[in-house]
Amino acid sequence: MQRCRVALHALDRTGPPVLGLTFVRWLRAQHPEVRVDVVAFRGGELAGACTQLAPTTILLDPEEPWDHADPPPDRCADLLAATRRLDPVDVTLAVSVAAGHSLPYLLDRSGAVVCWAVEQGEDLHWLDGPADLRNRTGRWLAGAPEVAAELRSRLDADTPVHVVPEFVDRRRAVDDLQVAHCRGALDPTGSELLVVGAGIATHRKATDLFHEVAVVHDRVAGGPTAWAWLGGERDPLFHRVLDEARRGPVRRFRMFGTVDDIVPWLAAGDVLLHPARLDAFPLVCLHAAFAGTPVVAFSGVGGVTEMFGPAFCGAPYPDVSGLAEMLESLRDRKVRDDLAGAQSTWAAERFGTDAAAPRLLDHLVATAAGSA
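Residues numbered from 1 in each chain as written. Predicted model: local features only at pLDDT ≥ 70, side-chain atom pairs only at ≥ 80, totals over all residues. Heavy atoms only, no water.

### Overview of the overall build of the protein
- Helix and strand content of the protein: 15 helices and 13 strands.
- Here the protein has a C-alpha radius of gyration of 21 Å; the compact-globule value for 372 residues is 21 Å, and the two agree.
- Judged by the C-alpha coordinates and their principal axes, the protein covers about 65 × 45 × 40 Å.
- A separation of at least 24 residues holds for 68% of the contacts in the protein among residues at least 6 apart in sequence.
- Carbon and sulfur atoms provide 50% of the accessible area of the protein, an area that totals close to 15,700 Å².
- Within the protein, one finds 37 positive and 50 negative side-chain charges whose respective centroids are separated by 3 Å. (Helix = DSSP H or I, 4+ residues; strand = E, 2+ residues; numbered from the N terminus. Rg over C-alpha atoms; globule rule 2.2 N^0.38 Å. Contact = heavy atoms within 4.5 Å. Areas by Shrake-Rupley, 256 points an atom, 1.4 Å probe, with all protein chains shown as cover. Lys, Arg positive; Asp, Glu negative; His and termini not counted. Charge placed at Lys NZ, Arg CZ, Asp CG, Glu CD.)

Given below as structure tokens:
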């Protein structure tokens, strides 16, 4: 395999684009003989980082309206013109089912197509969208076993689906002074326990449950506790939860919106609470664990239990009281450090870039060779 293209649904600060760019970064560092470029169906905040890594083609503006079933012909012509200059590649990796939106505009420049599904539930409806992803995909991958099981139920019975776990970089230098500055911004009152949450402010990511856990925890807290949510200021739940929190009993509750680099903000927290109702494999939890911050989450809602194995810490969904009690049990610093160490060790052996990215590359090489 000499040329590879990575297709992304957008360049916003969400899991699939971060995952795709992590792979591009690893590929450039470990396999410089492979020429790689990126096609993003939409732009976003990661455009700058992407262009630093690889040649990048962005088809739509971040907020541009688009009807996939009936796209405007003049804009279709623009998109085709934008991709016509691209060189053909041996293989295209679509990072998520939604990344298949670019395929109709790549025509004969995509090579063999590998679709790495990282979604669950309603997000898989793009399998049947106008991009004809079912027929164009030569190999199906899934980022977690639960995703693979759902994908198999939607594809033809004899279609193989290989599990290739999602990953993030484990070794990341975090400046202690920056972490201290983030801590001061998140909790200027200097609480004993700082609980952070992060993600888009949607029903599935459950920003509302983050606040609900805070309310329940307030009744059993053994000391001052601060709460801070990162991300999602353009999503429907953000201001709704913020308004409710301002009327509620929890005094130290704040919502910050999107930050440029989430890792030092996660490192500044004492615990990451991930209260999602459904999340296939939340990369923010890996980032937190590798930054030394333990993770508390619901079980039975996606891949967090697999992510941390015997070091998983949480309660079955929707036991909000159980999460509150678990957080209170982590008020002791040594208990938190021990949990963070166990979670990081388990996850690094399976979901660090060095462990998982070579598996993804093997599938791309095999697919490209088979298509020849």
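From this point, the narrative continues.
### Looking at helix α14 (residues 333-351)
- In this model α14 runs 26 Å from its N-terminal to its C-terminal C-alpha over 19 residues, within 8% of the 27 Å that 1.5 Å per residue would give.
- By the burial criterion, the buried members of α14 are Arg 336, Leu 339, Ala 340, Gln 343, Ser 344, Ala 347, Ala 348 and Phe 351. Take α14 and look down its axis: the buried residues cluster within an arc of 155 degrees, on one side only. Those residues of α14 that are exposed and angled more than 90 degrees off the buried face are Lys 334 and Glu 349.
- Here α14 starts with a cap whose side-chain oxygen sits 3.0 Å from the backbone nitrogen of Lys 334, and that cap is Asp 332. (Expected span 1.5 Å × (residues − 1). Buried < 20%, exposed > 50% of the residue type's maximum accessible area, 1.4 Å probe, protein only. Arc of directions from axis to C-beta. Polar contact = N/O pair within 3.5 Å; in protein donor to acceptor, adjacent residues only side chain to side chain.)

### Here's the deal with the nonpolar core
- Val 6, Phe 23, Trp 116 and Leu 286 are the most contacted members of the largest nonpolar core, which totals 92 residues.
- With seven residues, helix α11 (residues 283-290) is the single largest residue contributor to this core.
- Apart from residues lying up to four places away in sequence, Leu 286 is in contact with Glu 166, Phe 167, Val 168, Phe 281, Met 307, Ala 347 and Phe 351.
- Counting residues in each nonpolar core, the second largest holds 33 residues, with Leu 193, Val 250, Phe 253 and Cys 313 among its members. (Core = buried A, V, L, I, M, F, W, Y, C linked by side-chain atoms within 4.5 Å.)

### Thoughts on helix α3 (residues 73-84)
- Counted at 1.5 Å a residue, the expected span for α3 with its 12 residues is 16 Å, and the 16 Å between its end C-alpha atoms agrees.
- Of the positions making up α3, those classed as buried are Cys 76, Leu 79 and Thr 83. The buried residues of α3 all sit within an arc of 60 degrees when viewed along its axis, so they share a single face. Turned more than 90 degrees away from the buried face of α3, the exposed residues are Asp 74 and Arg 84.
- Contacts made by the buried residues of α3 are with β2 (35-42), β3 (56-60) and α4 (103-106).

### Points about the pattern of salt bridges
- Under the defined criterion, the tally for this structure stands at 21 salt bridges.
- The shortest N-O distance in the salt bridge between Arg 234 and Glu 45 comes to 3.1 Å. A residue pair is termed long-range when its members are at least 10 positions apart, and Arg 234 in the loop between β9 (225-230) and α9 (236-247) and Glu 45 in the loop between β2 and α2 (47-53) qualify at 189 residues.
- Under the relative-accessibility criterion, Arg 234 is labelled exposed at 62%. (Salt bridge = Lys/Arg side-chain N within 4 Å of Asp/Glu carboxyl O.)

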